[in-house]
Amino acid sequence: MSDNQLRLVWIYPDLLSTYGDQGNALVVERRARQRGLDVARLDVRSDQPIPTSGDIYLIGGGEDRPQRLAAERLRRDGHLQRAVQNGAIVFSVCAGYQILGHEFINDLGQREPGLGLLDVVSVRGDGERCVGDVLGDIDPQLGLPPLTGFENHQGVTHLGPTARPFARTKIGRGNGTGDGTEGAYNGTVFGTYMHGPVLARNPLIADLLLKLALDVNALPPIDDRWYDALREERIAAAQQPA
Ligand code: GLN
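Just so it is clear, the structure is predicted and the values come from calculations on it, not from any experiment.

Caption draft 1: Seen up close, the site of the ligand. Neighbouring the ligand are 14 residues; Asp64, Cys94, Asn152, Gln154 and Gly155 lie closest to it. For the ligand, an oxygen atom lies 3.0 Å from a polar atom in the backbone of Gly62. Interatomic distance of 3.0 Å between a side-chain N/O atom of Gln98 and an oxygen atom of the ligand. In the complex, the protein chains occlude 98% of the 300 Å² of accessible area that the ligand would expose alone. Classifying every residue of the shell around the ligand gives three nonpolar, nine polar and two charged.

Caption draft 2: Fine view of the pairing of strand 3 (residues 56-59). With burial as the criterion, each face of strand 3 is covered, one bearing Ile56 and Leu58 and the other bearing Tyr57 and Ile59. One ladder, built from four bridges, connects strand 3 with strand 4 (residues 89-93); its direction is parallel. Looking at strand 4, one finds that Ile56 is bridged to Ile89.

Caption draft 3: Spotlight on the UniProt feature "domain: CobB/CobQ-like glutamine amidotransferase" (unreviewed entry) in the protein chain. UniProt records the feature "domain: CobB/CobQ-like glutamine amidotransferase" (unreviewed entry) at residues 8-202, using the numbering of this structure. For the annotated span residues 8-202, helix accounts for 23% and strand for 36% of the residues, and the straight-line distance between the end C-alpha atoms is 18 Å.

Caption draft 4: Spotlight on the sheet that holds strand 12 (residues 181-186). Taken together, the nine strands give an open sheet; going across it, the order is 2-1-3-4-13-12-11-8-9, and neighbouring strands pair in mixed fashion. Only two strands of the sheet have a single neighbouring strand rather than two, namely strand 2 (38-44) and strand 9 (147-153). Across this sheet, the average inter-strand angle for adjacent strands is 25°, counted without regard to direction. In this sheet, strand 11 (residues 164-171) lies alongside strand 8 (residues 130-138) in antiparallel orientation, the contact comprising four bridges. The residue bridging Asp137 from the neighbouring strand is Arg168, located in strand 11. Packed onto the sheet, helix 7 (residues 225-239) meets strand 8, strand 9 and strand 11 and runs at close to 115° relative to strand 8.

Conventions and cut-offs
Residues numbered from 1 in each chain as written. Predicted model: local features only at pLDDT ≥ 70, side-chain atom pairs only at ≥ 80, totals over all residues. Heavy atoms only, no water. Near = heavy atom within 4 Å. Polar contact = N/O pair within 3.5 Å; in protein donor to acceptor, adjacent residues only side chain to side chain. Areas by Shrake-Rupley, 256 points an atom, 1.4 Å probe, with all protein chains shown as cover. Nonpolar A, V, L, I, M, F, W, Y, C, P; charged D, E, K, R; others polar. Buried < 20%, exposed > 50% of the residue type's maximum accessible area, 1.4 Å probe, protein only. Helix = DSSP H or I, 4+ residues; strand = E, 2+ residues; numbered from the N terminus. Pairing = 2+ DSSP bridges. UniProt positions renumbered as here; feature names shortened; annotations may be inferred. Axes fitted to C-alpha atoms, helices over the stretch in contact; angles between N-to-C directions. Contact = heavy atoms within 4.5 Å.

What follows is the structure, given as structure tokens:
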């Protein structure tokens, strides 16, 4: 972070905002401002270049065709990879998660190259679409409380040797591989299948992103009553028999 300003980049709202993941940008922005930080939020449309000077980049889920267009444009742009080389933090959801991997199956049934920022490969699951509330435990190395979210995807994501699972599911399918993993991360690049928006349901993940950006171990506490009530409600809903 330079100039005491946190630069938050929301990638391609015109293509990847279908599942309400834009809420993730609102949560990070608000929690940063509540800590007295000056935040510059930049929403970058798919016909605009991605800035390389961002501190935190967020990318959401989307339908199969917009997902292919987003992957093509991000590959052509090349700036997100450069930002990561410079230490930027990226948090991606669902279609965005698949795009950050090595490849995924596009809407034409073809293998579409991703950005290779996560050591994962996504394929099309041949079973039922994964839909529903998810409950899981986040990698203990990240020191976060249980994960709550909502999944809605056909893709199945396999982790390569260098990716760490972001979480292990107790309820729900996550990566869809049957091994109980959910999401992945490599260094400061994170991917998850969770909507919700996931950072509204798990505000301490937003704080993790802020801590990484600020290079601090702790942040001043804030009143999380509303978030806690939402968490409690959604965790109870996940535990209801189907
Ligand atoms: N199109 C992708 C899939 O179904 C991602 C869906 C999403 O972003 N929710 O796997």
